[in-house]
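In case you want the letters, here they are:
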Amino acid sequence: MTLEGARERRVRTGGVELCVAELGDTSNPTVVLVHGYPDSKEVWSEVAGRLADRFHVVLYDVRGHGRSTAPQPLRGGFTLEKLTDDFLAVADAVSPDRPVHLVGHDWGSVQSWEFVTVGRTEGRIASFTSMSGPSLDHFGHWINKRLTRPTPRRVGQLLGQGAKSWYVYLLHTPVLPELAWRGPLGKRWPKILERAEKVPRGDYPTSSLPTDAAHGAWLYRDNVRARLRRPRPDAYAHAPVQLVTPLGDAFLSERLYDDLELWAPGLVRRTLPAKHWIPRTRPDQLASWITEFVAANEGGAVPAGEGGPVTATGTGKYAERFGGQLVLVTGAGSGIGRATAFAFAEAGARVVAVDRDAESAARTAELARLIGAPEAWAETVDVSDEQAMEKLAEKVAGEYGVVDVLVNNAGIGLSGSFFDTTPEDWKKVLDVNLWGVIHGCRLFGKQMAERGQGGHIVNTASAAAFQPSKVLPAYSTSKAAVLMLSECLRAELSGQGIGVSAICPGLVNTNITSTAHFAGVDADEEKRRQKRSARLYGLRNYPPEKVADAILRAVVRNEAVVPVTPEARGAHLLSRFAPRALRAMARVEPPL
């Protein structure tokens, strides 16, 4: 996705000529995307293309970057005051009669904080989405607070951010940054981004990178020391602000934004398990969040795009963490799967509801959209079918993006003694309960690993994974294998930022009991046992919604093994500290 087809114009301001590109219908709300260092406007191409069917999207090369001209002389030509002049000139040219929605990344965010906190821009900005770039004024106050009122924790935060800011010191040195960027660093930068940040190849970075980076060094020299020494005391935002914080940012600490509500009342916070260059690595996520935030600040008056309207904002307690993320849930047609899909939807995630029952999957997706998912889709697949799962993984990646959270939940029940359980019974339960998980982990987990931006895999095991039973040999074996697979994958993927959690519910009131197969009995007896088990689970009445909440919490906390329900937690403790007692209990026939 490139800026091909964009309309270009030149805007003159303060002795420079800015290259401005526009996409989309000019009658729609205007979204202005401001790039950072050492980028040009092309860093936004993936996000801009996704926004263009709903908005009038405007991108411009900051002075001295891309196809915009540089000030002469360079020294003193990149002050925040002059950058504000540029923004106002662009805004007046592209949207003279309506305020614009501002989005900034890196230094685009740093300068946009200036735009949204100075008096002369008041009324020209309808909203501001900030990512990976703090206000220099807020940063200055943050530093002063830790110097004048130090505590061990604050000193640690100060030292931590000081270490992350190593490049800022180098950019203040004379001549060396320019030589490096015009020499070996400029040539190697695309590969550095590809290896360190997993930025995919494409139309970015552009051939102007060495010159852009050399000019952009003056962004730091003209502003950083002066503003950090004397931060403005009145740097309050006069427009709604949405903050997107990538948790794996190598250059900025999360702690920089701890007190941001003081400067931006009503701040909307979003966190993302990703690295710094999220406009390139997470365009779907950003486009979703930007669309939601613009809609909220346009009174919902945002036109529907090809994918349908996106107007819902997550309201759940995990909305900051999961809003806009892509979550795929198997076995989502009922029970724990459906409750999990709804929980992620309430947190504002984009949900792919997968089930072998097409009607049930569609119903889950429909309700997920009503609950809060900005987008939700239904997919039909038998998780035990390797080829079908491969096609699903290919389709999801191509149409919706790489999954951020995978929940391998699909499963079936099987009760009966070992000698009553036929090879066909074993094959069926292992195909769904174990191979379904293997297929999901292999296909979607591989996509996460190749993207290089982390993610999380949740595998639904069971308390039966560590609680032996004389009538559940096949079921317990399948779930014990899922538990061990999860532990092994967790070890293997930890270095790639991908968490793996095994959820181990006990007796939960779902329909697995009414559909479970009972080996070694006739059809009438099987129906009787199914009804009896369903009645017992109903009396226990532990709702699947509590398991869903445990799943979201496990992802947030990156928990390894999560027993759910008191009996599951008790059995887990016994398996570790009193296994003989657990073996004695195995002789008791359970309801399933």
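Criteria and cut-off values
- Residues numbered from 1 in each chain as written.
- Predicted model: local features only at pLDDT ≥ 70, side-chain atom pairs only at ≥ 80, totals over all residues.
- Heavy atoms only, no water.
- Helix = DSSP H or I, 4+ residues; strand = E, 2+ residues; numbered from the N terminus.
- Rg over C-alpha atoms; globule rule 2.2 N^0.38 Å.
- Buried < 20%, exposed > 50% of the residue type's maximum accessible area, 1.4 Å probe, protein only.
- Contact = heavy atoms within 4.5 Å.
- Areas by Shrake-Rupley, 256 points an atom, 1.4 Å probe, with all protein chains shown as cover.
- Lys, Arg positive; Asp, Glu negative; His and termini not counted.
- Charge placed at Lys NZ, Arg CZ, Asp CG, Glu CD.
- Expected span 1.5 Å × (residues − 1).
- Bend = angle between axes of the 7 residues up to and from the residue.
- Pairing = 2+ DSSP bridges.
- Axes fitted to C-alpha atoms, helices over the stretch in contact; angles between N-to-C directions.
- Core = buried A, V, L, I, M, F, W, Y, C linked by side-chain atoms within 4.5 Å.
- Phe/Tyr/Trp six-rings, centres within 6.5 Å; stacked < 30°, edge-to-face > 60°.
- Patch = residues over 30% accessible without salt bridge, like charges linked within 9 Å, V, L, I, M, F, W, Y side chains within 5 Å.
- Salt bridge = Lys/Arg side-chain N within 4 Å of Asp/Glu carboxyl O.
- pLDDT = per-residue confidence, 0-100.
- Parallel < 35°, antiparallel > 145°, perpendicular 65-115°, else oblique.
- Left-handed = near helix turned anticlockwise from the far one by under 90°.
- Nonpolar A, V, L, I, M, F, W, Y, C, P; charged D, E, K, R; others polar.

1. Concerning the overall build of the chain
- Helix and strand counts for the chain stand at 22 helices and 17 strands.
- For 592 residues, the compact-globule formula gives about 25 Å, and the C-alpha radius of gyration of the chain, at 27 Å, lands near that figure.
- Considering only C-alpha atoms, the chain reaches an extent of 90 × 50 × 45 Å along its principal axes.
- Residue burial in the chain is summarised as follows: out of 592 residues, 57% are buried.
- Considering only contacts within the chain whose residues lie at least 6 apart along the sequence, 77% involve residues at least 24 apart.
- When the accessible surface of the chain is totalled, it reaches about 24,400 Å², and 54% of it is carbon and sulfur.
- Put simply, the chain has 71 plus and 66 minus side-chain charges, and the middle of one group is 6 Å from the middle of the other.

2. Points about helix α16 (residues 423-451)
- Spanning 29 residues, α16 covers 39 Å between terminal C-alpha atoms, matching the ideal 42 Å at 1.5 Å per step.
- At aspartate 431, α16 is bent by approximately 40°, the largest bend along its length.
- Within two residues after α16, glycine 452 carries a phi angle of roughly 75°, on the positive side.

3. What to know about the sheet that holds strand β1 (residues 7-13)
- With respect to topology, eight strands assemble into an open sheet ordered β1-β2-β4-β3-β5-β6-β7-β8, the strand pairing being mixed. Where the open sheet ends on each side, the last strands, each with one partner, are β1 and β8 (268-272). Pairwise comparison of adjacent strand axes, ignoring direction, gives a mean angle of 20° for this sheet.
- When strand β3 (residues 30-34) meets strand β5 (residues 100-105), the two strands line up parallel, connected through four bridges.

4. Focus: the nonpolar core
- Grouped together as the largest cluster of nonpolar side chains are 85 residues, with contacts concentrated most on Tyr60 and Trp107.
- With 44 residues, the next largest nonpolar core counts Val352, Val354, Ala410 and Leu483 among its residues.

5. Examining the packing of aromatic side chains
- Taken as a whole and judged by the stated rule, the model has 18 aromatic pairs.
- Between tyrosine 37 and tryptophan 181 the ring centres are 6.2 Å apart and the planes differ by 90°, which places this aromatic pair in the edge-to-face class. With tyrosine 37 in the loop between β3 and α1 (45-51) and tryptophan 181 in helix α7 (residues 176-182), this residue pair connects regions lying 144 residues apart in the sequence. Comparing tyrosine 37 with tryptophan 181 shows no difference in burial state: the two are buried.

6. Details of the sheet that holds strand β15 (residues 498-505)
- Strands sit in the order β11-β10-β9-β12-β14-β15-β17 across an open sheet of seven strands; the sheet is parallel. The open sheet has two edge strands, β11 (376-380) and β17 (561-564), and neither has a second partner. Direction aside, the axes of adjacent strands within the sheet are offset by 15° on average.
- For strand β9 (residues 326-330) and strand β10 (residues 350-355), the ladder comprises five bridges, and the chain directions are parallel.

7. Digging into helix α17 (residues 473-493)
- Here α17 spans 30 Å end to end across 21 residues, near enough to the 30 Å set by a 1.5 Å rise per residue.
- Among the residues making up α17, those that are buried are Pro473, Ala474, Tyr475, Ser476, Ser478, Lys479, Val482, Leu483, Ser486, Leu489 and Leu493.

8. A look at a nonpolar patch on the surface
- There is a patch of nonpolar side chains on the surface, built from Trp166, Tyr169 and Leu170 and spanning about 360 Å² of accessible area.
- Along the chain, the position of leucine 170 falls in helix α6 (residues 166-171).
- What makes leucine 170 partly exposed here is its relative accessible area of 48%.

9. Side note on the pairing of β5
- Among the six residues that make up β5, six are buried, leaving the element largely enclosed by the rest of the structure.
- Here β5 shows a buried face lined by Val100, Leu102 and Gly104 and a second buried face lined by His101, Val103 and His105.
- Alignment of β5 against strand β6 (residues 125-131), held across six bridges, turns out to be parallel. Residue pairing in the sheet places leucine 102 in a bridge with phenylalanine 128 of β6.

10. Observations regarding the side chain of serine 476
- Along the polypeptide, serine 476 turns up in helix α17.
- Once residues within four sequence positions are removed from consideration, serine 476 is found in contact with Ala464, Ala465 and Gln467.

11. Here's the deal with the confidence of the model for the chain
- Residues of the chain with pLDDT of at least 70 account for 93%, and the chain-wide mean is 91.
- Confidence drops under pLDDT 50 across residues 306-312; counting only partners more than four residues distant or on other chains, this segment forms 18 contacts.

12. Quick notes on unusual backbone geometry
- Residue proline 38 is reached from tyrosine 37 by a cis peptide bond, and omega for that bond is 0°.
- Residue placement: proline 38 occurs in the loop between β3 and α1.
- Cis peptide bonds are those with omega within 30 degrees of zero, and the linkage from glutamine 72 to proline 73 qualifies with -5°.
- A positive phi is found at lysine 198, a non-glycine position, where the angle reads about 60°.
- Relative to the assigned elements, lysine 198 resides in the loop between α8 (184-197) and α9 (209-229).
- Judged by its relative accessible area of 36%, lysine 198 is partly exposed.
- Although it is not a glycine, threonine 565 sits at a positive phi angle of roughly 90°.
- As for its placement among the helices and strands, threonine 565 is situated in the loop between β17 and α21 (566-577).
- Assessed through its relative accessible area of 0%, threonine 565 is described here as buried.

13. Re the packing of α16 against α17
- Two numbers describe how α16 lies on α17: the axes approach to 9 Å, and their chain directions differ by 15°. By the criterion of interaxial angle, the relationship of α16 to α17 is roughly parallel. In this structure, the crossing between α16 and α17 has a hand that is right-handed. Each of Trp426, Val429, Leu430, Asn433, Leu434, Val437, Ile438 and Cys441 in α16 lies in contact with α17, whose residues at this interface are Pro473, Ala474, Tyr475, Thr477, Ser478, Lys479, Ala481, Val482, Leu485 and Leu489.
- A breakdown of the residues in the contact of α16 with α17 according to their chemical character gives 14 nonpolar, three polar and one charged.

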